[in-house]
Amino acid sequence: MNLGIWILGPARQGVGLMGEVLVRLFSRSGLHVCASSGSESPSMGGRVVFKMTASPDRVHVPGEGCAFLVAFDQGAAREKAGEATGGVLFDGDRVRIEAGGLRRHAAAIGLACSELKIEVDRWHLAALGALARLAGMDLGTLDEALRDARKGAASDALAAELSAAKAGFERAGAASPESGLRLQRSDHRRPALSGGQGLALGALASGCKFLAAGPGTESSATLRWLAPRAHRYGMIVRPAEDAGAAVYAAIGAGHAGARGLAVVADAASAVEGMEFAQRAEIPVVVASLGAAGSRFCAGAGCAVLSPAGSTDVLDSTVEAFNLAERFQAPVLLLLDRFLAGETQTVESLRLDAGIDRGLWAVPADEPGASAAPGPSAQGPSAEAPFDRYAETETGVSPRAVPGHDGLMFLADARGSADKLDRKGRSLTRGLKPSLLEGPSDAEITLVGCGCACGPMRHAMRHFNAGGARRVNVFPLRYLRPFPAEEASGPLKSARRLLAVESEPTAPLCRLIRGETGVAVERHCSGPDGGAVDGAECVRRVDEALHD
């Protein structure tokens with residue numbers, strides 16, 4: 001059984017705290033969680049919208065159906081109350097549920113601050129406690145989750161917040177026991193992290209030592225989690241005045257021999273800096289948290305990675321750093337705002353991933369020494385000075401940290417086209433294969449990348465329930481260099497193809513056709529460039545299956 005929770009409320013009214021505590025509560029109770037938070041457009045009230053699905057089984061989309069709605073204001077109750085199958089939680093002092101506004105068997109769960117004897121600005125905590133009771137969660141686990149989320153808060157304020165949550169917990173149990181959709185708890189605690197947090201952990205696991213943050217990324221989960229902890233791990237975190245400056249700062253770190261990461265709000269703003277790094281053969285990783293950048297697919301000798309869902313971000317980040325140094329090239333990591341903000345539970349966190357620092361030169365008179373960790377190559381001699389851009393079969397030349405005696409060189413950003421082409425071919429061979437998920441003989445194959453992978457897997461699970469073999473999924477993790485040879489097989493052998501992507505202009509379909517010659521005639525996109533939700537993906541797949 002899945003439990004869907006929707007919370008709609010004004011910004012800075014506690015929606016974020018409720019979401020954080022709910023994720024902790026359910027994941028620590030042995031359940032799988034998928035959650036996301038966003039904002040409505042100003043024309044729709046500009047409220048913060050939090051959606052979450054909790055289930056004993058793994059879930060891939062947030063807010064799969066709405067069992068309980070938390071309506072902070074009258075507008076939210078009026079617009080969304082009819083979608084809640086279990087009940088609507090509201091402040092009875094400020095909100096009224098209109099006659100006929102609820103679905104049959106759904107409960108109106110009033111939590112009036114005056115009756116609960118709590119402050120109005122703590123109403124969200126009472127609603128949090130009520131949700132925990134209705135879902136069959138334990139008050140002790142809720143107490144623990146709230147304490148952890150409010151770590152550092154004054155003791156008297158925390159006590160009042162815990163009291164408000166307990167009041168809501170008890171009120172829901174006394175007033176509406178018939179509306180509870182209780183989930184089966186267990187003692188198996190699961191870690192949960194967002195895509196943004198996965199990027200932060202991946203950077204630490206990769207040994208990144210410098211992070212430059214472009215404008216618009218300061219409030220991201222990556223920076224919020226990493227900035228106060230960076231000093232513990234010897235990482236420098238610096239804001240940049242614009243996205244270009246962030247990229248060039250990270251390039252400077254890479255040139256000096258340290259792993260550098262630039263976090264920007266839009267992939268398009270990183271193009272100039274990445275082209276420079278490509279020509280100068282300097283490793284750097286650029287993570288885009290904002291606008292989708294699948295259009296950035298030009299230039300040999302660079303890579304564009306799109307994690308196959310929020311749970312893949314950590315591993316993709318480690319891979320991006322390894323590719324950047326192994327092939328001395330820029331790597332663009334596309335998270336987009338949906339993937340960066342989505343939170344999911346995982347079975348375990350792998351923080352001991354192997355680090356590949358590529359090929360380094362050592363001085364000729366020191367054959368046992370190494371300028372930096374990683375494979376070494378013979379350096380210069382008195383007769384043959386060090387050639388940083390030496391021609392090689394793979395297009396990858398030994399690199400050196402500036403300042404080492406006998407390994408001095410002049411950085412050159414002209415970049416031989418032939419050398420970059422050879423590096424591009426080597427990079428293609430160094431990518432991990434993308435694997436087809438699900439039955440190989442499915443009636444329809446869903447293809448997509450990034451935030452589309454969750455809805456695709458959700459649709460596959462929906463249509464393959466009971467042992468059916470109707471849908472499989474082909475997640476594309478590499479947009480540049482595009483794995484044309486390995487992708488052509490699954491795509492050409494598919495009975496029917498449906499591309500799932502957030503952009504209505506279908507850039508992924510054009511990319512697939514240009515690289516493989518396969519025309520993807522069916523396309524599913526989100527509204528106005530928004531993320532595709534699970535229900536819409538299921539609907540479009542159903543149409544394709546019956547076409």
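Residues numbered from 1 in each chain as written. Predicted model: local features only at pLDDT ≥ 70, side-chain atom pairs only at ≥ 80, totals over all residues. Heavy atoms only, no water.

Caption draft 1: Summary view of the sheet that holds strand 4 (residues 66-71). Pairing is mixed across the open sheet formed by eight strands, whose spatial order is 6-5-4-1-3-2-14-7. Of all strands in the sheet, those with a lone pairing partner are strand 6 (107-110) and strand 7 (192-194), marking the two edges. For this sheet, the mean inter-axis angle between neighbouring strands, taken without regard to orientation, is 15°. Bridging between strand 7 and strand 14 (residues 343-345) involves three bridges; their strand directions are antiparallel. Paired with Leu-193 across the strands is Gln-344, a residue of strand 14. (Pairing = 2+ DSSP bridges. Helix = DSSP H or I, 4+ residues; strand = E, 2+ residues; numbered from the N terminus. Axes fitted to C-alpha atoms, helices over the stretch in contact; angles between N-to-C directions.)

Caption draft 2: Main features of the side chain of Arg-47. Residue placement: Arg-47 occurs in the loop between strand 2 (32-39) and strand 3 (48-55). Judged by relative accessible area, which is 7%, Arg-47 ranks as buried. There is a polar contact of 2.8 Å between the side chain of Arg-47 and the side chain of Glu-79. (Buried < 20%, exposed > 50% of the residue type's maximum accessible area, 1.4 Å probe, protein only. Polar contact = N/O pair within 3.5 Å; in protein donor to acceptor, adjacent residues only side chain to side chain.)

Caption draft 3: Layout of the nonpolar core. In terms of nonpolar packing, the biggest core is built from 52 residues, with Ile-7, Leu-22, Phe-26, Met-52, Val-70 and Leu-89 touching the most fellow members. When residues of this core are assigned to their parent elements, the largest contribution, nine residues, is made by helix 4 (residues 123-134). Apart from the residues within four sequence positions on either side, Ile-7 is in contact with Val-15, Met-18, Leu-22, Val-48, Val-49, Phe-50, Val-70 and Phe-72. Phe-210, Leu-332, Ala-494 and Leu-497 belong to the second largest nonpolar core, which has 41 residues in total. (Core = buried A, V, L, I, M, F, W, Y, C linked by side-chain atoms within 4.5 Å. Contact = heavy atoms within 4.5 Å.)

Caption draft 4: Focus on unusual backbone geometry. Residue Arg-480 is joined to Pro-481 through a cis peptide bond whose omega torsion reads -10°. Among the secondary structure elements, Pro-481 is positioned in the loop between strand 19 (478-480) and helix 15 (484-493). We note that His-105 has phi near 75°; this positive angle belongs to a residue other than glycine. Here His-105 is to be found in the loop between strand 5 (84-90) and strand 6. Here Glu-281, not a glycine, exhibits a phi torsion of approximately 60°, which is positive.

Caption draft 5: Spotlight on the confidence of the model for the protein chain. Per-residue confidence for the protein chain gives a mean pLDDT of 88; residues scoring 70 or more make up 91%. In this model, residues 293-298 is a region of pLDDT below 50 whose contacts with residues beyond four sequence positions or in other chains number 15 contacts. (pLDDT = per-residue confidence, 0-100.)

Caption draft 6: Structural context of the sheet that holds strand 18 (residues 471-475). Across the sheet, four strands lie side by side as 18-17-20-21; this open sheet has parallel pairing. Here the strands that pair on one side only, and so sit at the sheet edges, are strand 18 and strand 21 (522-525). Between one strand axis and the next, the sheet turns by 25° as a mean value, whatever way the strands run. In the sheet, strand 17 (residues 444-448) pairs with strand 18 via five bridges, with the strands oriented parallel. Within the sheet, the bridge partner assigned to Gly-448 lies in strand 18 and is Pro-475. Sheet strands touched by helix 14 (residues 453-463): strand 17, strand 18 and strand 20 (497-501). Its angle to strand 18, the strand with the most contacts, is close to 160°.

Caption draft 7: Molecular detail of helix 4. For helix 4, which comprises 12 residues, the first-to-last C-alpha distance of 17 Å matches the rise-based estimate of 16 Å (1.5 Å per residue) to within 8%. Counted residue by residue, helix 4 has 11 buried out of 12 residues, so it is predominantly covered. (Expected span 1.5 Å × (residues − 1).)

Caption draft 8: A look at the domain arrangement of the protein chain. Taken domain by domain, the protein chain comprises domain 1 (3-175), domain 2 (191-432) and domain 3 (444-545). Spacing between the C-alpha centres of domain 1 and domain 3 amounts to 34 Å. Listed by partner, the interface residues are six residues for domain 1 and six residues for domain 3. Counting across the domain 1 and domain 3 interface gives one salt bridge. Between Asp-57 and Arg-461 there is a salt bridge, with the nearest N and O atoms lying 3.7 Å from each other. Seen at the junction of domain 1 and domain 3, the total is one residue pair in polar contact (both at pLDDT 80 or more). (Domains from an automatic or database assignment. Salt bridge = Lys/Arg side-chain N within 4 Å of Asp/Glu carboxyl O.)

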